[in-house]
Amino acid sequence: MQFYLDGYKPGDPDILTAELPDAVDVLIVGSGPAGALLAAQLSTFPGISTRLVERLDGPLRVGQADGVACRTVEMFDAFGLSGKLLREAYWVNETVFWRPSKADRSRIERTGRVQDTEDGLSEFPHLIVNQARMQKYLLDYMRNSPTRLEANYGLEFLDLNVETEGEHPVVVTLRKVANGAESTVRAKYVVGCDGARSRVRDSIGAAPRGDFANHAWGVVDMLAVTDFPDIRLKAAIQSADEGNILLIPREGGYMVRLYVDLGEIDPNKREAFRENTQEMVIETAQRVLRPYTLDVKSVAWFAVYQVGQRVTDRFDDVPADQADSRLPRVFIAGDACHTHSAKAGQGMNVSMQDTFNLGWKLISVFEGRAKPELLRTYTVERHAIAQGLIDFDKEWSKIMASPPKDPNRPELGGLDPAELQAYFVKSGRYTAGVATHYPPATVLTAEATHQNLAKGFTIGMRFHSAPVVRLADAKPVHLGHAARADGAWRIYAFADASGQRLRKLADFLAESPNSPIRRFTPAGANIDSVIDVRAVFQQGHRDLTVEELPSILLPRKGRFGLIDYEKAYCPDLKNGPDIFELRGIDREKGAIVVVRPDQYVSNVLPLDAHDELTAYFGRFLLDRQ
């Protein structure tokens, strides 16, 4: 067997990576969380030519981000990957707080303990798992997808140029890291997921705005023996004079990560913090933890970094003064758009949410479902979210770096432990990733005119799943788990008291020429490929039979016209309040809840608002050809 002809490449030599073609639909630069998630979405569509290029010579192996927010687990469930995450990851169940002892301020003592995520916030927990593993899940998903997509490693992005004409107007110059050979590839769209020093961002003239770093931290993943009693709990630790630690237990039961406060950065010596060695950071941690001991046996990963909060002025290649006259061709996502501290665990999570937002929009355009103008909504929506992240991170980082208040010397200031604990609880929705709210700033988010019909499904926020029972097989499931990362919209129809309004809606969707299903589903496509209709009845699953269901809830699909029996649900009456009570659904009138392909509620309507429902989709979807 012969290999390495064109340079050393680690990994299985039987896995062959195709050379880049001369032209592609989407070129993704950077295989980090944002790039890998976008590639995973696009890889399931054989009609979309996608390539993922990465400067490194292979996949990430250790280190970097580790916090996985509840919302990210919800998102991974759409890829069928939540089970792997839940099995492998550390579950962050509770957080403890330590501060200097009142009796002896050279020692620390436990001062508080809280539940990490409030009850009912998500059906999934807050998790800890290495970024390298998150990326591998997505790379494996790509590899198993219909396109069998593989990343092209060892390719460095140099520059791009957007031409005014042509089917593939973005001309990208790449260079092989191994031998310096340059090549050119044309693309319809390019997405830069190439980090905080993004060359794609530079090539489109976008610029980061915000504060330079003013605080330094060291991070160590270690295997250690210690008598610190909360080594397997997330812990915020304040010492009197040695700085602060954020302790994060890692997956596997033995490893732990310490974020160690290295103090303020001297503006005249901005790079001096890099002189902190692994040994120096560990010694600082040992002093913070007194009177407890920390015997480090092995270090898996070490880094020092500076904390700054910056957000790029725009997330695509269209300057603000041309937003109405040009369509975007180049996008950026993740750290190329926003940089911040690691303590709140938001970086990897928000980065993947960026491309989850962008991915379905690209799919909609390529599949002929939506107008290209839809792509303008990416910058509008995600820039606002990034700015909110930066504002939150400034406050959170300041709190985490604050020294504890000395009760004997209050004039010195500092932070009371109770304040830290209170802020942690207050910010729980944000750190869980479920606080994102898209206002009606684009055609995608409707006004909250009928929000009172479904008070628990806030328009502009993620669809908050709840337990139901699937009618056909009596299986208890979560309603939100029916959604896949397939680019399809969801209509969840919650029945009215009599059920008559729901049945009239079902007849309209199935038969009317003005039905959004009939208008916007391409000829020959499965009936649920663009808009997937599901219904939740008020009866128990034994009080309703499958033969009573309207035809739209028993759609025939595929080459054999097989019946899909998984569109109808009933309340779960065994386990406390049912979905109608949990999510504030008007039992008398019922409701239509429209959910975007990235799992965000975009509209709430009455069951009889047939024409209004179609008009909503007509704002951005294309009539069938």
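Residues numbered from 1 in each chain as written. Predicted model: local features only at pLDDT ≥ 70, side-chain atom pairs only at ≥ 80, totals over all residues. Heavy atoms only, no water.

Engineer: Before we move on, could you go through the sheet that holds strand 20 (residues 475-478) and cite the residues and values that matter?
Structural biologist: Taking strand neighbours across the sheet as the criterion, the seven strands line up as 20-19-25-22-21-26-27 in an open arrangement whose pairing is mixed. Each having just a single partner strand, strand 20 and strand 27 (601-605) make up the two edges of the open sheet. Strand-to-strand twist of the sheet, defined as the mean angle between neighbouring strand axes without regard to direction, takes the value 30°. (Pairing = 2+ DSSP bridges. Helix = DSSP H or I, 4+ residues; strand = E, 2+ residues; numbered from the N terminus. Axes fitted to C-alpha atoms, helices over the stretch in contact; angles between N-to-C directions.)

Engineer: How would you summarise the packing of helix 2 (residues 70-77) against helix 7 (residues 347-366) if you had to cite specific residues and measurements?
Structural biologist: A pair of packed helices can be characterised by two numbers: the angle between their axes and the separation between those axes. Taken N-terminus to C-terminus, the directions of helix 2 and helix 7 make an angle of 40°; their axes are 10 Å apart at the nearest point. In terms of axis orientation, helix 2 runs oblique to helix 7. As for the relative orientation of helix 2 and helix 7, their crossing is left-handed in sense. In this structure, helix 2 uses Arg71, Thr72, Met75 and Phe76 to contact helix 7, whose residues at the interface are Asn349, Met352, Gln353 and Phe356. (Parallel < 35°, antiparallel > 145°, perpendicular 65-115°, else oblique. Left-handed = near helix turned anticlockwise from the far one by under 90°. Contact = heavy atoms within 4.5 Å.)

Engineer: Any details on the side chain of Asp66? Residues and values, ideally.
Structural biologist: The topology assignment puts Asp66 in the loop between strand 2 (50-54) and strand 3 (67-68). Looking at Asp66, the relative accessible area reads 5%, which means it is buried. Residue contacts for Asp66: discarding those within four places in its chain leaves Leu127, Ile128, Val129, Ile248, Arg250, Arg257, Tyr259 and Met348. (Buried < 20%, exposed > 50% of the residue type's maximum accessible area, 1.4 Å probe, protein only.)

Engineer: Please provide a residue-by-residue account of the sheet that holds strand 4 (residues 90-92), values included.
Structural biologist: In spatial order, the strands read 3-7-4; together these three strands make up an open sheet with antiparallel pairing. Two strands bound the open sheet, and with one partner strand each, they are strand 3 and strand 4. Two elements, strand 4 and strand 7 (residues 126-128), share three bridges in a ladder whose sense is antiparallel. When the sheet's bridge partners are listed, Trp91 is paired in strand 7 with Leu127.

Engineer: Let's hear about the environment of Gln64: which residues, and what values?
Structural biologist: Along the chain, Gln64 turns up in the loop between strand 2 and strand 3. Judged by relative accessible area, which is 39%, Gln64 ranks as partly exposed. Taking the C-alpha atoms as reference points, Gln64 and Ala303, 239 residues apart in sequence, are found 8.7 Å from one another. When near neighbours in sequence (up to four residues on either side) are disregarded, Gln64 contacts Gln131, Arg257 and Trp301.

Engineer: Account for the environment of Ala510, naming residues and giving values.
Structural biologist: Looking at the element boundaries, Ala510 is found in helix 11 (residues 500-511). Using a relative accessible area of 23% as the deciding quantity, one classes Ala510 as partly exposed. As a C-alpha pair, Ala510 and Ile552 span 42 residues in sequence and 5.6 Å in three-dimensional space. The residues contacting Ala510, other than those within four sequence positions of it, are Arg518, Ser551 and Ile552.

Engineer: An account of the pattern of salt bridges is requested, with residue identities and associated values reported.
Structural biologist: Scanning the model with the defined rule gives 43 salt bridges in all. The partner of Arg470 in a salt bridge is Glu566, with the nearest N and O atoms 3.4 Å apart. One end of the pair, Arg470, is in strand 19 (residues 467-470); the other, Glu566, is in the loop between strand 24 (562-563) and strand 25 (568-571), with 96 residues separating them in the sequence. One salt bridge connects Asp528 with Lys567, and the closest N-O pair in it is separated by 2.8 Å. A residue pair is termed long-range when its members are at least 10 positions apart, and Asp528 in the loop between helix 12 (516-520) and strand 22 (531-536) and Lys567 in the loop between strand 24 and strand 25 qualify at 39 residues. A single network of salt bridges, built from pairs that share partners, joins Asp486, Arg490, Asp528, Asp532, Arg534, Lys557, Asp564 and Lys567. (Salt bridge = Lys/Arg side-chain N within 4 Å of Asp/Glu carboxyl O.)

Engineer: Go over the packing of aromatic side chains, please, and point to the residues and values.
Structural biologist: In total, this model carries 22 aromatic pairs according to the counting rule given. Where Trp98 meets Phe228, the ring centres are 4.8 Å apart and the plane angle is 50°; that geometry is what we call tilted. You can see Trp98 sitting in strand 5 (residues 94-100) and its partner Phe228 sitting in the loop between strand 12 (208-226) and strand 13 (234-238), a full 130 residues away along the chain. Each of the two residues, Trp98 as well as Phe228, counts as buried. Seen from their ring centres, Phe392 and Tyr430 are 4.3 Å apart, and the 20° between their planes marks the pair as stacked. On the criterion of sequence distance, the pair formed by Phe392 in helix 8 (residues 377-401) and Tyr430 in helix 10 (residues 428-431) is long-range, its members being 38 residues apart. By relative accessible area, Phe392 is classed as buried at 8%. The class for Tyr430 is partly exposed, based on a relative accessible area of 25%. Against the face of Tyr189 rests Arg329, its NZ or CZ located 4.9 Å from the ring centre. (Phe/Tyr/Trp six-rings, centres within 6.5 Å; stacked < 30°, edge-to-face > 60°. Lys NZ or Arg CZ within 6 Å of the ring centre and 35° of its normal.)

Engineer: If you had to explain the packing of helix 1 (residues 33-43) against helix 7 to someone new, which residues and values would you point to?
Structural biologist: Two elements in contact, helix 1 and helix 7, have axes separated by 8 Å at closest approach and are oriented at 30°. By the angle between their axes, helix 1 is roughly parallel relative to helix 7. Judged by the sense of rotation from one axis to the other, the crossing of helix 1 with helix 7 is right-handed. Residues Pro33, Ala34, Leu37, Leu38, Gln41 and Leu42 of helix 1 lie in contact with helix 7, whose contacting residues are Met348, Ser351, Met352, Thr355, Phe356, Gly359, Trp360, Leu362 and Ile363. For the contact of helix 1 with helix 7, a count of residues per class yields 11 nonpolar, four polar and no charged. (Nonpolar A, V, L, I, M, F, W, Y, C, P; charged D, E, K, R; others polar.)

Engineer: So what's going on with the pairing of strand 14 (residues 244-249)? Residues and values would help.
Structural biologist: Burial analysis of strand 14 places six of its six residues in the buried class, which makes it a mostly covered element. Remark: five residues form the turn of the hairpin made by strand 13 and strand 14, two consecutive strands paired antiparallel; Gly243 in that turn has positive phi of roughly 105°. Bridge count between strand 14 and strand 15 (residues 255-264): five bridges; the pairing is antiparallel. Within the sheet, the bridge partner assigned to Leu246 lies in strand 15 and is Tyr259. Linking strand 14 back to strand 15 in an antiparallel pair, the connection comprises five residues, with Gly252 at a positive phi of about 100°.

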